Amino acid sequence: MRLAVRGLRLVGAVTAGAVTALLGLLFVLVAAPFADRPAVRRAAAWLTGLELRRLRLDLPDRREGELRFLGARAPVGLLGGLVVLLLVYGFRAAATLAWSWSRGEAVDGMLPTLPLLAYAFLAGSVLLFLDVSGLVGVDLLERRLAVRLLAPDPTEALRRRITELTESRAGVVAAVDAERRRIERDLHDGVQQRLVALSMLAGRARRGRAELLEQLHEQAPQALVELREVAWRVYPSGLDAHGLAEALAGVAERATVKVTVTYELPERPPAAVEAAAYFVASRRLCGRPSGRRERSSNAAGRRRPRSAVA
């Protein structure tokens, strides 16, 4: 059944190609003297797009030369039309023979005999094979012609790919540098200032200010929390030990809005994928340094739980 559907689809595509080949040839003959005009180029590009959709080809970066392609494929499309006509004629002749001989009537004075039936079956099989081969060949030739005349030049495609890789590498380097600078700011503005404040409190407490010991005791865990969060932004150690789900749960605990953690991966992804997913979620949900949030709220306990979605 699937083979029959594919065959009918191929016959329809080649038949449509014969019609569009005739139209394309007429268009090329009329528009060739005005090939430099924008309207002619747009019309040629539109006709070429129709042909590519018929051939089920995707050439997004096709180069110019639509008129040349339309002119070059016209003989191939017309050849496909002749092959389709031969196929229709063969089926019509086979149907006529089968209908007449099944009723006992002679065709061109010939009644069905065993040698004649064997000859008709053999000749029909050979002609059907040739027709099918012709349809497949025309379709393949049209595809190769489109790729040859419209696909980007391999050297240009390679040069474009190198440019894309260079730009993506520059983007990665810039992102890494920005993250490094952000971590440096977190260390300077958060952890360093917290430790300086602790040192000052400890010095004042040593001079007999006993009431400062309680404040020192409260701020020491906050400094540890800030230091731990900066270390996790460099690379979360729990990601290797417990996986992405636990790491995202940690991101959820440090967030400021309430969302739902959903983790439905059937198996653990590679380490690079886990790290990328963690840092994307962490940056989107905890974009600002957590130490600054703690100083603005002046208490770690004021945070509301948040989650990430994997």
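> What's the story with the packing of helix α1 (residues 2-31) against helix α4 (residues 114-150) in this structure? I'm lost.
In a pair of packed helices, the angle between the axes and the distance between the axes together describe the arrangement. Running from N to C, α1 and α4 cross one another at 60°; their axes reach a closest spacing of 10 Å. Classified by the interaxial angle, the pair formed by α1 and α4 is oblique. Where α1 crosses over α4, the handedness of that crossing is left-handed. Residues L10, V11 and V14 of α1 form the contact with α4, whose participating residues are L135, V136, V138 and D139. Taken together, the residues that form the contact of α1 with α4 break down as six nonpolar, no polar and one charged.

> What am I meant to see in a nonpolar patch on the surface here?
A contiguous nonpolar surface patch, about 670 Å² in accessible area, is contributed by V19, L22, L23, L26, L29, V30 and L78. No other element matches α1, which puts six residues into the nonpolar patch. Take L29: its relative accessible area is 60%, and that puts it in the exposed class.

> I'm lost on the pattern of salt bridges in this one. Help?
Any two side chains of opposite charge can pair if their charged atoms end up close together. Going through the model one piece at a time under the given rule, you end up with six salt bridges. With a closest N to O distance of 3.5 Å, E51 and R73 form a salt bridge. Here R73 lies in helix α3 (residues 66-102) and E51 lies in helix α2 (residues 38-55), a separation of 22 residues in the sequence. With respect to class, E51 is no different from R73; both count as buried. Its salt-bridge partner being R73, residue E142 comes within 2.5 Å of it at the nearest N-O pair. Residue E142 is located in helix α4, and its partner R73 is located in helix α3; the two are separated by 69 residues in the primary sequence. Linked through salt bridges whose partners overlap, the residues forming this network are E51, R54, R73 and E142.

> Could you clarify how one ought to interpret the confidence of the model for the protein chain in this entry?
Where the model shows low pLDDT, its predicted coordinates should not be examined in detail. Averaged over all residues, the pLDDT of the protein chain equals 77, while 74% of them reach at least 70. For residues 288-310, every residue scores under 50 in pLDDT, and the model assigns this stretch 67 contacts once sequence neighbours within four places are set aside.

> Whenever I open this one, the side chain of E51 confuses me. Can you help?
Exposure remark for E51: the relative accessible area of 3% places this residue in the buried category. A distance of 3.5 Å separates a polar atom in the side chain of E51 from a polar atom in the side chain of R73. In this structure, E51 is in contact with T20, F69, L70 and R73, ignoring residues within four places of it in sequence.

> Where do I start with the packing of α2 against α3 in this structure?
The interhelical angle for the contact between α2 and α3, taken along N-to-C directions, is 50°, at an axis separation of 9 Å. Comparing the axis directions of α2 and α3 gives the class oblique. Pair α2 / α3 crosses with left-handed handedness. Along its contact with α2, which presents V40, A44, A45, L47, T48, E51 and R54, the element α3 presents E66, L67, F69, L70 and R73. Here the contact of α2 with α3 is composed, by residue class, of seven nonpolar, one polar and four charged.

Reading the values: rules and limits
- Residues numbered from 1 in each chain as written.
- Predicted model: local features only at pLDDT ≥ 70, side-chain atom pairs only at ≥ 80, totals over all residues.
- Heavy atoms only, no water.
- Axes fitted to C-alpha atoms, helices over the stretch in contact; angles between N-to-C directions.
- Helix = DSSP H or I, 4+ residues; strand = E, 2+ residues; numbered from the N terminus.
- Parallel < 35°, antiparallel > 145°, perpendicular 65-115°, else oblique.
- Left-handed = near helix turned anticlockwise from the far one by under 90°.
- Contact = heavy atoms within 4.5 Å.
- Nonpolar A, V, L, I, M, F, W, Y, C, P; charged D, E, K, R; others polar.
- Patch = residues over 30% accessible without salt bridge, like charges linked within 9 Å, V, L, I, M, F, W, Y side chains within 5 Å.
- Areas by Shrake-Rupley, 256 points an atom, 1.4 Å probe, with all protein chains shown as cover.
- Salt bridge = Lys/Arg side-chain N within 4 Å of Asp/Glu carboxyl O.
- Buried < 20%, exposed > 50% of the residue type's maximum accessible area, 1.4 Å probe, protein only.
- pLDDT = per-residue confidence, 0-100.
- Polar contact = N/O pair within 3.5 Å; in protein donor to acceptor, adjacent residues only side chain to side chain.

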